[in-house]
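# Secondary and tertiary structure notes
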Amino acid sequence: MNIRPSERFQERGLGTYENYSRPPGGAARPDGPQFTSIQTISDSVQRASGWVRPLEQELSRVIVGQKYLIDRLLVGLLSNGHILLEGVPGLAKTLALRTLAAAIQTGFRRIQFTPDMLPADIIGTEIYNPKDVSFVVKHGPVFSNLVLADEINRAPAKVQSALLEAMQERQVTIGEESYPLPDPFLVMATQNPIEQEGTYPLPEAQMDRFMLKVTVTYPSVSEERVILDVVETMDQTVQVNQVVQVEDIIRARQVVKTIYMDEKVKDYIVSLVYATRDPEAYGLDLKPYIQNGASPRASINLKSASKALAFLQGRGYVTPEDVKSIAMDVLRHRVIITYEAEAEALTSDDIVRRVLDTIPVP
């Protein structure tokens, strides 16, 4: 795929075309090595992303609308990051995750979190075998590729924390032994934000392990009208066809890592994250409302997610708009607000939105 000419870049607010072909410290060279390198990466992206549109079409056979949700699921899949979906019941959160797993035909486990769960219900435990007079390790449902943690906020903190090692280290410790989890391994969790009875807030350490927190909203009027017709005609056991192999996704992840990101875009990422920690340094009067800003993991995840978003759009380079469009999902659960912010009815989304509106786009 060729790089768009200068006027197209300026029309989209992405700066000049030369910014994407300028070697560090050197003059702009539209036909130089940097341009050739980006062209090569873009060609690789085009070849490796051939399964993206068929997968989106297969998901749309079951999921009406919710393109934003599907895009975020694919971003997490490509960047090897865990996803937290938040929304009221009935918005196809669980259905979307189950359908994605079926379209990939990989290992899939669904864990229904409840207040009486124990950590062993997730990671497994050692069982005594009287015949051999020994302990046998029985693996829990977390030993799978795609793990759906349904209503994760219904389990107490000790159960939620059982996922911490699995999500970060991709391994589980049972007894004195550690067992690696399969690759790929993704935790895709759902939670209900409006029902408080029988729910527990997720620990901040676990929230930080989720690459994205996606807020799922109601469908539009036209989409809900389509849902009425689809529900009447669709078989409840609709067959989801496999459209992509796990090996294709793993290869695509390697291509995503090679996508070009300009130094100015990297600086923009750092500025967005650091503004949540020291807003006064960026002219933002938000200090009284922020208890803790985003961690360095936010910067890392924002870079990875932006590259994945560029891949889904068939580009071999990241634009500032990619970063800005995914920043809310990366930052909203990492910015901890104060009681003063709650008293003024401010949310972490409001804080992140102020940061995005204030930090200049390169």
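Residues numbered from 1 in each chain as written. Predicted model: local features only at pLDDT ≥ 70, side-chain atom pairs only at ≥ 80, totals over all residues. Heavy atoms only, no water.

With that settled, the discussion passes to helix H3 (residues 52-60). Buried residues of H3: Val52, Leu55, Glu56, Glu58 and Leu59, and no others. End-on view of H3: buried residues confined to an arc of 160°, all on one side of the axis. Along its buried surface, H3 packs onto helix H4 (67-78), helix H5 (93-104) and helix H13 (296-312). (Buried < 20%, exposed > 50% of the residue type's maximum accessible area, 1.4 Å probe, protein only. Helix = DSSP H or I, 4+ residues; strand = E, 2+ residues; numbered from the N terminus. Arc of directions from axis to C-beta. Contact = heavy atoms within 4.5 Å.)

Turning our eyes to something else, we now look at the packing of helix H12 (residues 263-275) against helix H14 (residues 320-331). Two numbers describe how H12 lies on H14: the axes approach to 11 Å, and their chain directions differ by 25°. Of the possible angle classes, the one that applies to H12 and H14 is roughly parallel. By crossing handedness, the relation of H12 to H14 is classed as right-handed. Each of Val265, Tyr268, Ile269, Leu272 and Val273 in H12 lies in contact with H14, whose residues at this interface are Pro320, Val323, Lys324, Ala327 and Leu331. Its residues placed into classes, the contact of H12 with H14 shows nine nonpolar, no polar and one charged. (Axes fitted to C-alpha atoms, helices over the stretch in contact; angles between N-to-C directions. Parallel < 35°, antiparallel > 145°, perpendicular 65-115°, else oblique. Left-handed = near helix turned anticlockwise from the far one by under 90°. Nonpolar A, V, L, I, M, F, W, Y, C, P; charged D, E, K, R; others polar.)

It is at 10 Å that the axes of H14 and helix H16 (residues 348-358) come closest, and there the two elements cross at 150°. Classified by the angle their axes make, H14 and H16 are roughly antiparallel. With respect to the hand of their crossing, H14 and H16 are arranged in right-handed fashion. Residues Lys324, Ala327, Met328 and Leu331 of H14 touch H16, and the partners they reach there are Asp349, Val352, Arg353 and Leu356. Along the lines of polarity and charge, the residues of the contact of H14 with H16 split into five nonpolar, no polar and three charged.

To continue, consider the pattern of salt bridges. All told, the structure shown has 16 salt bridges when counted by the stated rule. Lysine 67 is the partner of aspartate 71 in a salt bridge, and the nearest nitrogen-oxygen pair spans 2.9 Å. Here lysine 67 and aspartate 71 lie together in helix H4, a separation of four residues that amounts to about one turn. Through salt bridges with shared partners, a single ionic network connects Arg72, Asp329, Arg332 and Asp349. (Salt bridge = Lys/Arg side-chain N within 4 Å of Asp/Glu carboxyl O.)

As for its position among the elements, aspartate 150 is in strand S5 (residues 146-150). A polar contact of 2.6 Å, which involves the side chain of aspartate 150, links it to the side chain of threonine 190. Those residues in contact with aspartate 150 that sit more than four places away from it in its chain are Thr94, Arg110, Ile111, Gln112, Phe113 and Thr190. (Polar contact = N/O pair within 3.5 Å; in protein donor to acceptor, adjacent residues only side chain to side chain.)

It is worth spelling out the sheet that holds S5 at this point. A sheet is described by the order of its strands in space; here five strands give the open sequence S2-S5-S8-S1-S9, paired in parallel fashion. Lying at the two open borders of the sheet, with one neighbouring strand each, are strand S2 (108-112) and strand S9 (210-215). Averaged over neighbouring strand pairs, the angle between their axes works out to 15° when direction is ignored. In this sheet, strand S8 (residues 186-191) lies alongside S5 in parallel orientation, the contact comprising four bridges. By the bridge assignment, leucine 148 is partnered in S8 with methionine 188. Those strands touched by H4 are strand S1 (82-86), S5, S8 and S9, and its axis lies near 175° from that of S9. (Pairing = 2+ DSSP bridges.)

In this approach, a probe sized like a water molecule rolls over the atoms, and the result shows the empty space that is left. In this model, the largest pocket occupies a volume close to 760 Å³. Lining the largest pocket we find 25 residues, and of these Glu86, Gln191, Pro201, Met207 and Lys213 sit closest to its centre. When the residues that make up the lining of the largest pocket are grouped by side-chain class, the tally is nine nonpolar, nine polar and seven charged. (1 Å grid on protein atoms, 1.4 Å probe; cavity = no way out; pocket = protein on both sides within 12 Å on 5 of 7 lines; lining within 4 Å. Points joined across faces, edges and corners; volume = space filled by probe spheres on them.)

Let us look at the environment of proline 156. Looking at where proline 156 falls in the secondary structure, it is placed in the loop between S5 and helix H7 (157-160). As for proline 156 and leucine 118, which are separated by 38 residues in sequence, their C-alpha atoms are 8.7 Å apart.

Another aspect to go through is the confidence of the model for the protein chain. Looking at the protein chain as a whole, the pLDDT averages 81, with 87% of positions reaching at least 70. Looking across the protein chain, the model is least confident in helix H1 (residues 6-11), with a mean pLDDT of 41, and most confident in H14, with 94. Predicted confidence for residues 1-32 stays below pLDDT 50, and this span has 55 contacts to residues more than four positions away or in other chains. (pLDDT = per-residue confidence, 0-100.)

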